[in-house]
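Topology and contacts: notes
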Amino acid sequence: MIFIQICVGSSCYLKGSQEIVELFNNAIEENHLEGDVVLSGSFCIGKCNRTGVTVQVDDDIHVGVTRENFKEFFTKNVLEKIKGAKNDD
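Summarised in this report is the structure supplied together with it. (Residues numbered from 1 in each chain as written. Predicted model: local features only at pLDDT ≥ 70, side-chain atom pairs only at ≥ 80, totals over all residues. Heavy atoms only, no water.)

**A short note on helix H2 (residues 17-30)**
Look at H2: 20 Å from first C-alpha to last across 14 residues, which is about the 20 Å you get at 1.5 Å a residue. Of the positions making up H2, those classed as buried are Ser17, Ile20, Phe24, Ala27 and Ile28. Seen end-on, H2 carries its buried residues on one side only, within an arc spanning 100°. When the buried face of H2 is taken as reference, the exposed residues oriented beyond 90 degrees from it are Glu22, Glu29 and Glu30. Positioned one or two residues after H2, histidine 32 has a phi angle of 55°, which is positive. (Helix = DSSP H or I, 4+ residues; strand = E, 2+ residues; numbered from the N terminus. Expected span 1.5 Å × (residues − 1). Buried < 20%, exposed > 50% of the residue type's maximum accessible area, 1.4 Å probe, protein only. Arc of directions from axis to C-beta.)

And the structure:
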């Protein structure tokens, strides 16, 4: 199980966190990961930056997630992590 928190605090909200939430919801559904991912919002994660949204995947905090880099981010930090976890079973 992977736990993902998307910052929806004021800074990330202004940088498009609602769109990132929607992209995560769509990607989870499209990849049939509803039983593998817990998605939640979080007020400030404490790693604000100038571009993009802050996202925490398990214990790893990533800054600068945008619509433009979302697909690459999701593949690397969610799909590959799930694939690796399933191969370990």
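**Digging into the sheet that holds strand S4 (residues 60-65)**
One open sheet accounts for four strands, arranged S2-S1-S3-S4; its pairing is mixed. Because the sheet does not close on itself, it has two edges, and the strands there are strand S2 (37-42) and S4. Adjacent strand axes in the sheet meet at a mean angle of 20°, parallel and antiparallel pairs treated alike. Pairing of strand S1 (residues 2-7) with strand S3 (residues 53-57) involves three bridges; the strand directions are antiparallel. In the strand pairing of S3, glutamine 5 is matched with glutamine 56. Relative to S1, H2 is tilted by about 155°, and along the sheet it contacts S1, S2, S3 and S4. (Pairing = 2+ DSSP bridges. Axes fitted to C-alpha atoms, helices over the stretch in contact; angles between N-to-C directions. Contact = heavy atoms within 4.5 Å.)

**Thoughts on the side chain of glutamine 56**
Examined against the element boundaries, glutamine 56 turns out to sit in strand S3. Looking at glutamine 56, its side chain comes within polar contact range of the main-chain oxygen of aspartate 58, at 3.0 Å. Not counting residues within four places of it along the chain, the set of residues in contact with glutamine 56 comprises Phe3, Ile4, Gln5, Ile45 and Ile61. (Polar contact = N/O pair within 3.5 Å; in protein donor to acceptor, adjacent residues only side chain to side chain.)

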